[in-house]
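# Coordinate analysis (summary)
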Amino acid sequence: MPMQVDGSARQESPRGRGPAARRASRAALVLLSVVCGCVSAQQRLFQGEALLARGEWDAAAEAFVAALDGEGLSQLERDRAAVGEARAFIGRGDLVGAEARLRRLSDQLSAKWYYLGRIQEARKDREGAIAHYRRALERRHGGDTALRLARLIGGEARSFEELLAAARVLRSGGELEGARALEAAAEAWRGLLAGAPAGRLLEGLVRHERFLSTYPSTVVLRARLLEQAGDRARADLAWAIDTDPPPSLAFVEWARERRAQDAIARGDMEALARALERADKRSAARVRELLAVGRLWRGDRAGAQALWRATVDAGGEAAPLAAARLAASLELEGRKEEAARVWPTTGSPDDARLALLRARRAARRGDLLGGCALLAASARSMLEGAEAARADDLLACGALLRAALAAYAHGDDARAAGLARSVVQAVPLEPASLAVLAERVDGAPEAQGTTLAALQRARLARSLRAGDLAEARRLVGWWKVQRMEQGRGHEDPELEAFREVLERFLHAGLREGLVLGRAADAAKLLAVLDLPPADPLLARLRACDCLRRLDGLPAPRGLAALPSGVALRGHLAVPARGLHFSAVAVTRTRAGGWILDLPGAFRASFRNDGALAAFLGAPLDELRWAEHLADVDPTQPPEAWRRGPPPKQPLQVE
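Residues numbered from 1 in each chain as written. Predicted model: local features only at pLDDT ≥ 70, side-chain atom pairs only at ≥ 80, totals over all residues. Heavy atoms only, no water.

Here we take up the overall build of the chain. Scanning the chain for helices and strands turns up 30 helices and 5 strands. Per-residue burial over the chain gives 46% buried out of 654 residues. In the chain, 53% of the contacts between residues at least 6 apart in sequence involve partners at least 24 apart. Looking at the chain as shown, the accessible area adds up to about 32600 Å², and 53% of this sits on carbon and sulfur atoms. (Helix = DSSP H or I, 4+ residues; strand = E, 2+ residues; numbered from the N terminus. Buried < 20%, exposed > 50% of the residue type's maximum accessible area, 1.4 Å probe, protein only. Contact = heavy atoms within 4.5 Å. Areas by Shrake-Rupley, 256 points an atom, 1.4 Å probe, with all protein chains shown as cover.)

Structure below.
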């Protein structure tokens, strides 16, 4: 038979003994060992168990270690000593040390799993403790194992099935009285759900009241029955859930919500008001949300809005979602100004329900792409039911709209129109997709935000391809206004993509004009686009050798003109030394230094311009940056056109 450790149900505490009494007890044991001479391993084992019973944790652990180090112990006694040492560690609060010692024992030892369950219970790991107690019962561990396991299963039960499972555990452990009490409670719970008279159900619990009063779940059951029977005074006392140990916060919140939902089901508004007064903010918000949904089903939009306002006024973590629901409802009624004041400025970015409401709002306002970006950044796994389908629809429509914009930018109007119509059919309430069919921005006022930026980028690529510099100039002006409104460092990704299209065209157009000897045309291009001399795009262009022959560009030129945080890739020539660096990247740091990347994963850092110039052997404004840009398509990504000739003299780096 597996070993049974005696006293597993005994309270491990000092029993009120003070430090002086404990020292005297320990001294007496030491004196006994001296008088008796040599102390055997068995005596050390008995000493450890006596010290353990008195709460002398450190002395008990030492005695058990001494017993294990001695000779003459049977395997049963060695197991008792090892378990005793772990119990001493539990007593002094060292759960890690206790667990490490228990893990060394045989899996067939029932006490191992019992005390591992005690450890997990102390750590508030309910599932872990249940698993360990089950293994202890399988090995016939007695004591309070069945009681502890049943309490974990049924103590905070939220269904009568859990109470029945706890009752089966008690029966298997021989605790028949407790099993009968939980079975009676489960039957009463089943009757409550079936609509049986509450008075009769309460009578069936009276004789088990002493046992059931220790289970939070059955205390809540009694409170529900009392309230159903109209005994509000006794129900209020029961709803306090005064058990030892007290219930968890999560169970208390569930119980308060259950009380409010029962009041809703009975139509007892007085009981509902009393339940909401005693509920915490989060529980009250969930109940109001349930009521608001019911009001909407009945067509009472004003009643739902009043409930959302109450949650907003109460504050707490549920307030942003309630504010978003209220604002969305106001917008559907055309009360846009009031809705704009209500829309929340705070809220968890991981709240998928809030992200979905914001995404819908963005789509209704003409920014379908922005709405899809909000959804993609949220925790979509939290979405359920119809909301999940709605989120998938928005994401799919965003992908269709992006494809339509790309087709429009490349001049495929028929494909763009077809894709845009697909978006309209899938989400008829979202007008942003219509913007892609308009010839001018003025004809599509419904496009806003990210969607408008993407449309403008498509129009820029289209106008540059067609050589319509007047349209390009107008679009560049719009882009500058947007950048100023958003502020430095907070640009929309679509605005950054707009900048990339413009930059590719400038590189390609200026290079082509200069190579063909039409410097005046290249200068005219800059004048038409109306870029100021300090524009970051021009600063980057000045770093290329092709612009050194263009009149009117102020100094500095070459690498000295490169803005911080921007990398140039290509081929760098140092004429003074006859060297050619192939496929390099040069980046100016924000601190004014430089980072130079060379083939072979070689990277060098330089503190300032002088250090880089000394390494390369020439002033920065004399360095030649070579880019081969023949047959350039400015609408393609940079990797497609930034190519260079093979190096003439590759640099050898040790």
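Time to look at the nonpolar core. In this structure, Leu182, Leu205, Leu221 and Leu225 are the most contacted members of the largest nonpolar core, which totals 75 residues. Tallying contributions element by element places helix α10 (residues 176–194) first for this core, with 9 residues. Apart from the residues within four sequence positions on either side, Leu221 is in contact with Ala185, Ala188, Trp189, Leu192 and Leu205. Core analysis: the next-biggest nonpolar cluster, separate from the first, contains 43 residues, Leu394, Leu495, Val501 and Leu538 among them. (Core = buried A, V, L, I, M, F, W, Y, C linked by side-chain atoms within 4.5 Å.)

Turning next to the packing of aromatic side chains. The geometry of two aromatic rings is summed up by the distance between their centres and the angle between their planes. Within this structure, the stated rule accounts for 7 aromatic pairs. Seen from their ring centres, Trp479 and Phe498 are 5.8 Å apart, and the 25° between their planes marks the pair as stacked. Within this pair, whereas Trp479 is found in helix α26 (residues 469–486), its partner Phe498 is found in helix α27 (residues 493–515), the two being separated by 19 residues in sequence. By relative accessible area, Phe498 is classed as buried at 0%. (Phe/Tyr/Trp six-rings, centres within 6.5 Å; stacked < 30°, edge-to-face > 60°.)

Before going further, it helps to examine the packing of helix α2 (residues 41–53) against helix α3 (residues 57–69). Running from N to C, α2 and α3 cross one another at 160°; their axes reach a closest spacing of 8 Å. Classified by the angle between their axes, α2 and α3 sit roughly antiparallel to one another. As α2 packs across α3, the resulting crossing turns out to be left-handed. Contact with α2, carried on its side by Ala41, Arg44, Leu45, Gln47, Gly48, Glu49, Leu51 and Leu52, involves Trp57, Ala59, Ala60, Ala63, Phe64, Ala66 and Ala67 of α3 and no other residues of that element. Across the contact of α2 with α3, the residue classes tally to 11 nonpolar, 2 polar and 2 charged. (Axes fitted to C-alpha atoms, helices over the stretch in contact; angles between N-to-C directions. Parallel < 35°, antiparallel > 145°, perpendicular 65-115°, else oblique. Left-handed = near helix turned anticlockwise from the far one by under 90°. Nonpolar A, V, L, I, M, F, W, Y, C, P; charged D, E, K, R; others polar.)

Moving on, we come to the packing of helix α19 (residues 319–332) against helix α21 (residues 352–364). At a closest axis distance of 9 Å, the pairing of α19 and α21 adopts a crossing angle of 25°. The angle between α19 and α21 places the two elements in the roughly parallel class. For α19 against α21, the interelement crossing comes out left-handed. On the side of α19, the interface is formed by Pro320, Leu321, Ala324, Arg325, Ala328 and Glu331, while α21 contributes Arg353, Leu354, Leu357, Arg361 and Arg364.

Before going further, it helps to spend a moment on the state of the cysteines. Going through the model one piece at a time under the given rule, you end up with 0 disulfides. Of all cysteine sulfurs in the structure, the one in Cys372 sits closest to Cys397, which takes part in no disulfide; the separation is 7.2 Å. Cys397 sits in the buried class, given a relative accessible area of 2%. (Disulfide = S-S within 2.5 Å.)

Here we come to the environment of Arg140. Tracing the backbone shows Arg140 in the loop between α7 (126–138) and α8 (145–154). By relative accessible area, Arg140 is classed as exposed at 67%. As for Arg140 and Ser110, which are separated by 30 residues in sequence, their C-alpha atoms are 7.0 Å apart.

To continue, consider the pattern of salt bridges. Using the criterion set out here, one finds 28 salt bridges in the structure. One salt bridge connects Arg148 with Asp144, and the closest N-O pair in it is separated by 2.8 Å. For Arg148, a relative accessible area of 23% translates into the label partly exposed. Looking at Asp144, the relative accessible area reads 13%, which means it is buried. The partner of Asp413 in a salt bridge is Arg462, with the nearest N and O atoms 2.8 Å apart. Note that Asp413 is positioned in helix α24 (residues 413–426) and Arg462 in helix α25 (residues 449–466), a separation of 49 residues in sequence. (Salt bridge = Lys/Arg side-chain N within 4 Å of Asp/Glu carboxyl O.)

On to unusual backbone geometry. The omega torsion across Asp244 and Pro245 is 0°, close enough to zero to call that bond cis. The topology assignment puts Pro245 in the loop between α14 (232–238) and α15 (249–266). The phi torsion at Lys124 lies on the positive side, around 65°, for a residue other than glycine. Although it is not a glycine, Arg140 adopts a positive phi angle of roughly 65°.

Now for the side chain of Arg139. Tracing the chain through its elements places Arg139 in the loop between α7 and α8. Of the residues examined, Arg139 reaches a relative accessible area of 14% and is grouped as buried. A distance of 2.8 Å separates the side chain of Arg139 from the backbone oxygen of Asp107, its partner in a polar contact. (Polar contact = N/O pair within 3.5 Å; in protein donor to acceptor, adjacent residues only side chain to side chain.)

These values are about where atoms sit, not about what they do.
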